[in-house]
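Below, each chain spelled out in residue letters.
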Amino acid sequence: MESETRRFDEALGCTVRMRKKESAADYRFLAEPNLPVLCISQEDLLPIRAAMPELPEERRARLCKDYGIAEADAVILTSEPALADYFEASAEHCADAVKLSHFLLGELLRYCRSDPFRSPVSALRLAELVTLWCEERINGTTAKRLLARLVEADFSPEEVAAQENLMQIRDRESLCAMIRAVLADSPKAVEDYRKGKLAALRALQGRLMAVSGGRADPMLGERILLEMLSEEDDEKERACE
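Residues numbered from 1 in each chain as written. Predicted model: local features only at pLDDT ≥ 70, side-chain atom pairs only at ≥ 80, totals over all residues. Heavy atoms only, no water.

Looking now at the nonpolar core. Phe87, Leu104 and Leu126 are the most contacted members of the largest nonpolar core, which has 35 residues in total. Of all the secondary-structure elements, those providing two or more residues to this core are helix 3 (71-77), helix 4 (81-91), helix 5 (97-106), helix 6 (123-134), helix 7 (140-152) and helix 8 (157-163). At 7 residues, helix 6 tops the list of elements feeding residues into this core. Leaving out residues up to four positions away in the same chain, Phe87 has contacts with Leu63, Tyr67, Ile69, Leu77, Ala97, Leu100, Ser101 and Leu104. Counting residues in hydrophobic clusters, the runner-up holds 18 residues, among them Ile179, Val182, Ala216 and Ile224. (Core = buried A, V, L, I, M, F, W, Y, C linked by side-chain atoms within 4.5 Å. Buried < 20%, exposed > 50% of the residue type's maximum accessible area, 1.4 Å probe, protein only. Helix = DSSP H or I, 4+ residues; strand = E, 2+ residues; numbered from the N terminus. Contact = heavy atoms within 4.5 Å.)

Here's what the structure looks like:
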(Lines give C-alpha, C1' and ligand atoms only; values in the text may rest on other atoms or scores of the structure.)
Protein backbone atom coordinates (compact mmCIF):
# COMPACT_ATOMS: atom_id res chain seq x y z
CA MET A 1 0.00 0.00 0.00
CA GLU A 2 1.30 3.44 -0.91
CA SER A 3 1.98 5.72 2.07
CA GLU A 4 0.41 9.16 1.95
CA THR A 5 -1.00 11.96 4.09
CA ARG A 6 -4.76 12.51 3.70
CA ARG A 7 -7.30 15.07 4.93
CA PHE A 8 -11.07 15.05 5.22
CA ASP A 9 -13.00 17.18 2.68
CA GLU A 10 -16.38 18.25 4.13
CA ALA A 11 -17.82 19.16 0.74
CA LEU A 12 -17.02 15.76 -0.77
CA GLY A 13 -17.66 13.83 2.44
CA CYS A 14 -14.50 11.76 2.13
CA THR A 15 -10.73 11.88 2.62
CA VAL A 16 -8.50 13.24 -0.13
CA ARG A 17 -4.80 12.94 -0.73
CA MET A 18 -2.55 15.79 0.43
CA ARG A 19 0.92 14.43 -0.31
CA LYS A 20 2.73 11.20 -0.95
CA LYS A 21 5.25 9.83 1.51
CA GLU A 22 8.29 8.77 -0.45
CA SER A 23 9.42 6.33 2.20
CA ALA A 24 8.50 5.39 5.74
CA ALA A 25 12.02 6.16 6.89
CA ASP A 26 11.54 9.83 6.01
CA TYR A 27 8.84 10.04 8.71
CA ARG A 28 10.65 7.91 11.31
CA PHE A 29 7.80 5.41 10.91
CA LEU A 30 8.04 2.11 12.73
CA ALA A 31 5.36 -0.51 12.30
CA GLU A 32 3.76 -1.84 15.50
CA PRO A 33 4.02 -5.62 15.24
CA ASN A 34 1.29 -6.19 17.84
CA LEU A 35 -1.34 -4.19 15.93
CA PRO A 36 -2.80 -6.06 12.97
CA VAL A 37 -4.21 -4.30 9.92
CA LEU A 38 -7.82 -3.24 10.59
CA CYS A 39 -10.26 -3.72 7.74
CA ILE A 40 -13.80 -2.29 8.13
CA SER A 41 -16.48 -3.58 5.79
CA GLN A 42 -19.74 -1.88 4.79
CA GLU A 43 -21.57 -4.48 6.89
CA ASP A 44 -19.62 -3.27 9.93
CA LEU A 45 -20.62 0.33 9.24
CA LEU A 46 -24.37 -0.27 8.85
CA PRO A 47 -25.23 -0.75 12.56
CA ILE A 48 -22.99 2.19 13.50
CA ARG A 49 -24.78 4.48 11.06
CA ALA A 50 -28.18 3.23 12.25
CA ALA A 51 -27.29 4.08 15.86
CA MET A 52 -26.10 7.60 15.03
CA PRO A 53 -28.45 10.56 15.66
CA GLU A 54 -29.53 12.84 12.82
CA LEU A 55 -26.56 15.06 12.01
CA PRO A 56 -26.96 18.88 11.79
CA GLU A 57 -26.48 19.01 8.01
CA GLU A 58 -29.07 16.27 7.46
CA ARG A 59 -31.50 17.95 9.83
CA ARG A 60 -31.08 21.33 8.12
CA ALA A 61 -31.98 19.78 4.77
CA ARG A 62 -35.00 18.01 6.28
CA LEU A 63 -36.33 21.13 8.01
CA CYS A 64 -36.12 23.08 4.76
CA LYS A 65 -37.89 20.30 2.86
CA ASP A 66 -40.56 19.38 5.42
CA TYR A 67 -41.42 22.86 6.71
CA GLY A 68 -40.45 25.12 3.80
CA ILE A 69 -38.28 27.37 5.99
CA ALA A 70 -35.28 29.31 4.70
CA GLU A 71 -31.87 27.67 4.83
CA ALA A 72 -30.52 30.55 6.95
CA ASP A 73 -33.24 29.88 9.55
CA ALA A 74 -32.52 26.14 9.46
CA VAL A 75 -28.84 26.79 10.14
CA ILE A 76 -29.69 28.72 13.33
CA LEU A 77 -32.33 26.22 14.45
CA THR A 78 -29.91 23.31 14.15
CA SER A 79 -27.12 25.12 15.98
CA GLU A 80 -28.48 23.48 19.14
CA PRO A 81 -30.39 20.17 19.15
CA ALA A 82 -32.77 21.45 21.85
CA LEU A 83 -33.67 24.51 19.75
CA ALA A 84 -34.47 22.36 16.70
CA ASP A 85 -36.50 20.00 18.91
CA TYR A 86 -38.47 22.96 20.30
CA PHE A 87 -39.21 24.28 16.81
CA GLU A 88 -40.47 20.92 15.57
CA ALA A 89 -42.60 20.40 18.68
CA SER A 90 -44.20 23.80 18.14
CA ALA A 91 -44.60 23.32 14.37
CA GLU A 92 -46.80 20.27 15.00
CA HIS A 93 -49.50 22.61 16.36
CA CYS A 94 -48.91 25.73 14.23
CA ALA A 95 -50.75 26.81 11.09
CA ASP A 96 -47.63 28.25 9.40
CA ALA A 97 -44.16 26.83 10.10
CA VAL A 98 -42.42 29.59 8.12
CA LYS A 99 -43.97 32.38 10.20
CA LEU A 100 -43.30 30.30 13.29
CA SER A 101 -39.57 30.13 12.51
CA HIS A 102 -39.47 33.89 11.87
CA PHE A 103 -41.28 34.67 15.13
CA LEU A 104 -39.20 32.19 17.13
CA LEU A 105 -35.86 33.49 15.84
CA GLY A 106 -36.87 37.14 15.65
CA GLU A 107 -38.84 37.56 18.87
CA LEU A 108 -38.69 34.59 21.24
CA LEU A 109 -34.93 33.97 21.23
CA ARG A 110 -34.27 37.24 23.06
CA TYR A 111 -36.06 35.77 26.09
CA CYS A 112 -34.37 32.36 25.92
CA ARG A 113 -31.31 30.88 27.52
CA SER A 114 -28.77 29.15 25.29
CA ASP A 115 -26.20 26.40 25.68
CA PRO A 116 -28.33 24.48 26.32
CA PHE A 117 -31.38 26.15 24.80
CA ARG A 118 -34.24 26.76 27.21
CA SER A 119 -37.46 28.66 26.50
CA PRO A 120 -39.69 30.29 29.14
CA VAL A 121 -42.67 29.70 26.80
CA SER A 122 -43.88 26.19 26.02
CA ALA A 123 -43.82 24.99 22.43
CA LEU A 124 -47.61 24.63 22.46
CA ARG A 125 -48.22 28.20 23.70
CA LEU A 126 -45.90 29.60 21.04
CA ALA A 127 -47.79 27.65 18.38
CA GLU A 128 -51.14 28.96 19.66
CA LEU A 129 -49.87 32.54 19.63
CA VAL A 130 -48.37 32.38 16.13
CA THR A 131 -51.50 30.66 14.80
CA LEU A 132 -53.65 33.57 16.05
CA TRP A 133 -51.33 35.92 14.17
CA CYS A 134 -51.28 33.76 11.01
CA GLU A 135 -55.07 33.65 10.97
CA GLU A 136 -55.10 37.48 11.30
CA ARG A 137 -57.13 37.28 14.49
CA ILE A 138 -54.47 39.43 16.17
CA ASN A 139 -51.89 41.71 14.58
CA GLY A 140 -48.12 41.53 14.89
CA THR A 141 -47.90 44.17 17.60
CA THR A 142 -50.41 42.33 19.78
CA ALA A 143 -48.55 39.05 19.22
CA LYS A 144 -45.33 40.59 20.52
CA ARG A 145 -47.07 42.04 23.57
CA LEU A 146 -48.70 38.72 24.41
CA LEU A 147 -45.35 36.96 24.00
CA ALA A 148 -43.76 39.29 26.55
CA ARG A 149 -46.55 38.36 28.98
CA LEU A 150 -46.23 34.64 28.25
CA VAL A 151 -42.59 34.86 29.30
CA GLU A 152 -43.79 35.86 32.78
CA ALA A 153 -46.85 33.59 33.14
CA ASP A 154 -48.56 30.76 31.30
CA PHE A 155 -52.02 31.41 29.81
CA SER A 156 -54.09 30.75 26.70
CA PRO A 157 -53.31 33.50 24.15
CA GLU A 158 -56.70 33.08 22.52
CA GLU A 159 -58.65 33.39 25.77
CA VAL A 160 -56.72 36.46 26.95
CA ALA A 161 -56.98 38.14 23.54
CA ALA A 162 -60.76 37.61 23.58
CA GLN A 163 -61.22 38.71 27.20
CA GLU A 164 -59.16 41.88 26.75
CA ASN A 165 -60.59 42.82 23.32
CA LEU A 166 -57.26 42.37 21.59
CA MET A 167 -58.64 40.50 18.59
CA GLN A 168 -58.40 42.30 15.25
CA ILE A 169 -61.58 43.98 14.07
CA ARG A 170 -62.47 42.34 10.75
CA ASP A 171 -66.19 43.02 10.82
CA ARG A 172 -66.92 45.16 7.76
CA GLU A 173 -69.84 47.04 9.33
CA SER A 174 -67.77 48.04 12.38
CA LEU A 175 -64.87 49.16 10.22
CA CYS A 176 -67.17 51.17 7.95
CA ALA A 177 -68.56 53.05 10.95
CA MET A 178 -65.06 53.87 12.18
CA ILE A 179 -63.88 54.97 8.74
CA ARG A 180 -66.89 57.27 8.28
CA ALA A 181 -65.99 58.94 11.57
CA VAL A 182 -62.34 59.27 10.51
CA LEU A 183 -63.29 60.84 7.16
CA ALA A 184 -65.70 63.24 8.83
CA ASP A 185 -63.05 64.36 11.33
CA SER A 186 -60.25 64.65 8.74
CA PRO A 187 -61.47 66.88 5.88
CA LYS A 188 -57.99 68.25 5.15
CA ALA A 189 -56.45 64.79 4.82
CA VAL A 190 -59.32 63.78 2.53
CA GLU A 191 -58.76 66.86 0.37
CA ASP A 192 -55.00 66.25 0.25
CA TYR A 193 -55.60 62.66 -0.88
CA ARG A 194 -57.81 63.92 -3.72
CA LYS A 195 -54.95 66.17 -4.78
CA GLY A 196 -52.75 63.10 -5.18
CA LYS A 197 -50.85 63.21 -1.89
CA LEU A 198 -50.36 59.57 -0.89
CA ALA A 199 -49.09 60.60 2.54
CA ALA A 200 -52.66 61.69 3.29
CA LEU A 201 -53.86 58.11 2.84
CA ARG A 202 -51.28 56.93 5.36
CA ALA A 203 -52.47 59.61 7.75
CA LEU A 204 -56.07 58.42 7.42
CA GLN A 205 -54.96 54.82 8.02
CA GLY A 206 -53.08 55.95 11.12
CA ARG A 207 -56.20 57.67 12.45
CA LEU A 208 -58.24 54.54 11.82
CA MET A 209 -55.75 52.50 13.85
CA ALA A 210 -55.92 55.10 16.62
CA VAL A 211 -59.72 55.05 16.67
CA SER A 212 -59.76 51.24 16.76
CA GLY A 213 -57.11 51.01 19.47
CA GLY A 214 -54.74 49.35 17.00
CA ARG A 215 -57.20 46.52 16.39
CA ALA A 216 -58.47 47.32 12.89
CA ASP A 217 -57.38 44.82 10.23
CA PRO A 218 -54.93 47.02 8.27
CA MET A 219 -55.48 45.42 4.86
CA LEU A 220 -59.26 45.28 5.08
CA GLY A 221 -59.31 48.77 6.59
CA GLU A 222 -57.28 50.18 3.72
CA ARG A 223 -59.53 48.51 1.15
CA ILE A 224 -62.70 49.94 2.72
CA LEU A 225 -61.05 53.34 3.13
CA LEU A 226 -60.19 53.46 -0.59
CA GLU A 227 -63.70 52.34 -1.49
CA MET A 228 -65.26 55.13 0.57
CA LEU A 229 -62.92 57.76 -0.81
CA SER A 230 -63.78 56.59 -4.31
CA GLU A 231 -67.52 56.71 -3.54
CA GLU A 232 -67.19 60.30 -2.30
CA ASP A 233 -65.39 61.25 -5.52
CA ASP A 234 -68.19 59.68 -7.60
CA GLU A 235 -70.84 61.52 -5.63
CA LYS A 236 -69.08 64.86 -6.16
CA GLU A 237 -68.82 64.22 -9.90
CA ARG A 238 -72.53 63.40 -10.14
CA ALA A 239 -73.37 66.57 -8.18
CA CYS A 240 -71.41 68.67 -10.66
CA GLU A 241 -73.14 67.22 -13.71
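Turning our eyes to something else, we now look at the side chain of Arg59. With respect to the helices, strands and loops of the structure, Arg59 is situated in helix 2 (residues 56-67). Reaching out from Arg59, the side chain makes a polar contact with the side chain of Glu88 at a distance of 2.9 Å. Not counting the four nearest positions on each side in its chain, Arg59 is found in contact with Glu54, Thr78, Pro81, Ala84, Asp85 and Glu88. (Polar contact = N/O pair within 3.5 Å; in protein donor to acceptor, adjacent residues only side chain to side chain.)

Where strand 1 (residues 4-9) meets strand 2 (residues 14-20), 6 bridges bridge the pair, whose relative direction is antiparallel. Each bridged residue has a counterpart across the sheet, and for Thr5 the counterpart in strand 2 is Arg19. The antiparallel pairing of strand 1 with strand 2 creates a hairpin that spans 4 residues between the two strands, and Gly13 there sits at a positive phi of about 75°. (Pairing = 2+ DSSP bridges.)

Take a nonpolar patch on the surface next. On the surface, Ile48, Met52 and Leu55 cluster together into a nonpolar patch covering about 270 Å² of accessible area. Mapped onto the elements of the fold, Met52 is located in the loop between helix 1 (42-51) and helix 2. Exposure remark for Met52: the relative accessible area of 42% places this residue in the partly exposed category. (Patch = residues over 30% accessible without salt bridge, like charges linked within 9 Å, V, L, I, M, F, W, Y side chains within 5 Å. Areas by Shrake-Rupley, 256 points an atom, 1.4 Å probe, with all protein chains shown as cover. Salt bridge = Lys/Arg side-chain N within 4 Å of Asp/Glu carboxyl O.)

With the rule as written, the count across this model stands at 3 aromatic pairs. Where Tyr67 meets Phe87, the ring centres are 5.3 Å apart and the plane angle is 75°; that geometry is what we call edge-to-face. Here Tyr67, found in helix 2, pairs with Phe87, found in helix 4; they are 20 residues apart in sequence, far enough to count as distant. For the ring pair Phe103 and Trp133, a centre distance of 5.8 Å and an interplane angle of 45° mean the geometry is tilted. Taken together, the positions of Phe103 in helix 5 and Trp133 in helix 6 put the pair 30 residues apart, joining distant regions of the chain. Assessed through its relative accessible area of 5%, Phe103 is described here as buried. The class of Trp133 is partly exposed, set by a relative accessible area of 26%. The cationic tip of Lys99 hangs over the ring face of Trp133; the distance from NZ or CZ to the ring centre is 5.2 Å. (Phe/Tyr/Trp six-rings, centres within 6.5 Å; stacked < 30°, edge-to-face > 60°. Lys NZ or Arg CZ within 6 Å of the ring centre and 35° of its normal.)

Here the focus is the environment of Met167. Residue placement: Met167 occurs in the loop between helix 8 and helix 9 (172-185). For Met167 and Trp133, which are 34 residues apart along the polypeptide, the C-alpha to C-alpha distance reads 9.7 Å. The contact partners of Met167, leaving out residues within four places of it in the chain, are Leu132, Arg137, Ile138, Glu158, Ala161, Ala162 and Arg215.

Each pair of packed helices gets described by two things: the angle between the helix axes and the distance between those axes. Where helix 4 meets helix 6, the axes come as close as 8 Å, and the angle between the chain directions of the two elements is 55°. Our classification of the angle between helix 4 and helix 6 gives oblique. Note that helix 4 runs across helix 6; the crossing there is right-handed. On the side of helix 4, the interface is formed by Tyr86, Ala89 and Ser90, while helix 6 contributes Ala123, Leu126 and Ala127. Tallied by class, the residues present in the contact of helix 4 with helix 6 amount to 5 nonpolar, 1 polar and no charged. (Axes fitted to C-alpha atoms, helices over the stretch in contact; angles between N-to-C directions. Parallel < 35°, antiparallel > 145°, perpendicular 65-115°, else oblique. Left-handed = near helix turned anticlockwise from the far one by under 90°. Nonpolar A, V, L, I, M, F, W, Y, C, P; charged D, E, K, R; others polar.)

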